[in-house]
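Coordinate analysis (summary)
Residue-level listing of the chains:
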Amino acid sequence: MTVHFVGAGPGAADLITVRGLRLVENAAVCLYAGALVPRELLDSAPPEARLVDTANLTLDEIVAEMRTAHADGLDVVRLHSGDTSFFSAVGEQMRRLDALGIPYDLTPGVPAFAAAAATLGRELTLPGVGQTVVLTRVSNNSTAMPPGEDLATLGQSRALLVLHLAVRETARIVDELVPLYGADCPVAVVARASRPDELVVRGRLADLSSLVHDNGIKSVAVIMVGGVLGDETGFCESHLYSPARERAVPD
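The following refers to the structure shown. Bear in mind the structure is a predicted one, so any value in this text is a computation, not a measurement.

1. Section: the packing of aromatic side chains
With the rule as written, the count across this model stands at three aromatic pairs. When the ring of Phe5 is compared with that of Tyr104, the centres are 6.0 Å apart and the planes differ by 75°; the resulting orientation is edge-to-face. Here the residue Phe5 occupies a position in strand β1 (residues 3-7), and Tyr104 occupies one in strand β5 (residues 104-107), the gap between them amounting to 99 residues. What makes Tyr104 partly exposed here is its relative accessible area of 25%.

2. Focus: the sheet that holds strand β2 (residues 29-32)
The parallel open sheet is built from five strands, whose spatial order is β3-β2-β4-β1-β5. Edge positions in the sheet fall to β3 (50-53) and β5, since each has one partner strand and no second. Across the sheet, the axes of successive neighbouring strands diverge by a mean angle of 20°, strand direction being ignored. Pairing of β1 with strand β4 (residues 76-80), which is carried by five bridges, proceeds in the parallel orientation. Pairing of Gly7 across the sheet is with His80, part of β4. Across the sheet, helix α3 (residues 59-71) lies against β1, β2, β3 and β4, angled at about 170° from β2, the strand it touches most.

3. A few points about the packing of α3 against helix α4 (residues 90-100)
One can describe the packing of α3 onto α4 by two numbers: an axis separation of 11 Å at closest approach and a directional angle of 45°. Taken together, α3 and α4 sit at an angle that is classed as oblique. Crossing geometry of α3 relative to α4 is assigned as right-handed. Facing α3, whose interface residues are Leu59, Asp60, Ile62, Val63, Met66 and Arg67, α4 presents Glu92, Gln93, Arg96, Leu97 and Leu100. Looking at the contact of α3 with α4 residue by residue, the classes come out as six nonpolar, one polar and four charged.

4. Considering the layout of surface pockets
Estimated volume of the largest pocket: approximately 1,000 Å³. Lining the largest pocket are 40 residues, and of these Leu36, Ser81, Phe87, Leu165 and Val220 lie nearest its centre. Within the residue set of the lining of the largest pocket, elements represented by two or more residues are α3, β4, α4, β8 (186-191) and β10 (221-225). Of the residues belonging to the lining of the largest pocket, the class tally is 20 nonpolar, twelve polar and eight charged. By volume, the second largest pocket amounts to about 230 Å³. When the residues that make up the lining of the second largest pocket are grouped by side-chain class, the tally is four nonpolar, three polar and two charged.

What counts as what
Residues numbered from 1 in each chain as written. Predicted model: local features only at pLDDT ≥ 70, side-chain atom pairs only at ≥ 80, totals over all residues. Heavy atoms only, no water. Phe/Tyr/Trp six-rings, centres within 6.5 Å; stacked < 30°, edge-to-face > 60°. Helix = DSSP H or I, 4+ residues; strand = E, 2+ residues; numbered from the N terminus. Buried < 20%, exposed > 50% of the residue type's maximum accessible area, 1.4 Å probe, protein only. Pairing = 2+ DSSP bridges. Axes fitted to C-alpha atoms, helices over the stretch in contact; angles between N-to-C directions. Contact = heavy atoms within 4.5 Å. Parallel < 35°, antiparallel > 145°, perpendicular 65-115°, else oblique. Left-handed = near helix turned anticlockwise from the far one by under 90°. Nonpolar A, V, L, I, M, F, W, Y, C, P; charged D, E, K, R; others polar. 1 Å grid on protein atoms, 1.4 Å probe; cavity = no way out; pocket = protein on both sides within 12 Å on 5 of 7 lines; lining within 4 Å. Points joined across faces, edges and corners; volume = space filled by probe spheres on them.

Structural data, given as structure tokens:
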């Protein structure tokens with residue numbers, strides 16, 4: 001028996017990986033992260049599969065479901081939205097499973113920021129403009145950020161900031177980043193990326209609060225702040241495909 005942690009993707013049912021979908025199609029037990037996981041994926045599970053919505057469960061209750069399945073010799077698929085590698089709470093579940101001696105593996109998924117970039121029609125690392133992307137969040141009613149990971153510190157790089165779980169903290173974002181990025185720095189907010197009700201707003205950093213408020217964005221959104229989001233047409237071409245780059249001669 002194995003617990004399969006699977007990234008379900010950002011919202012569109014067809015953005016799960018082939019491997020992830022095959023695991024769902026063969027799952028005896030499927031634990032899923034509430035409305036963040038599209039219904040179509042759950043419909044792919046076998047008719048007899050046990051489906052458990054974990055949105056209102058505690059960590060103890062989630063692990064108890066896994067432990068029961070393990071005792072019954074049943075594989076478990078644990079569906080998380082986006083990718084399993086960040087802001088997924090997978091680490092604490094794996095720690096519990098290690099203590100119980102229950103095996104598990106991980107299948108990555110398409111993260112929300114990648115879906116947002118696709119919607120924006122943007123490469124987030126343009127040569128000569130920006131080559132660094134910082135994925136972070138803003139602490140509000142959640143676990144405190146570690147020392148040195150506040151916006152004022154991270155923003156000193158002027159790299160592209162991708163902020164998760166932050167739409168209720170736009171005033172603080174503006175206050176802390178305008179001195180570093182400037183009031184006119186381009187921003188984009190993508191809500192419900194890849195879903196039928198996807199919403200995109202763009203503007204200036206100084207106007208971020210009104211952009212979010214006036215468009216009724218309250219959750220499930222990614223905020224991006226950085227010069228790479230601007231009207232960049234004069235960036236240099238990548239050295240990867242340059243005729244000046246030395247290439248190996250085929251044998």
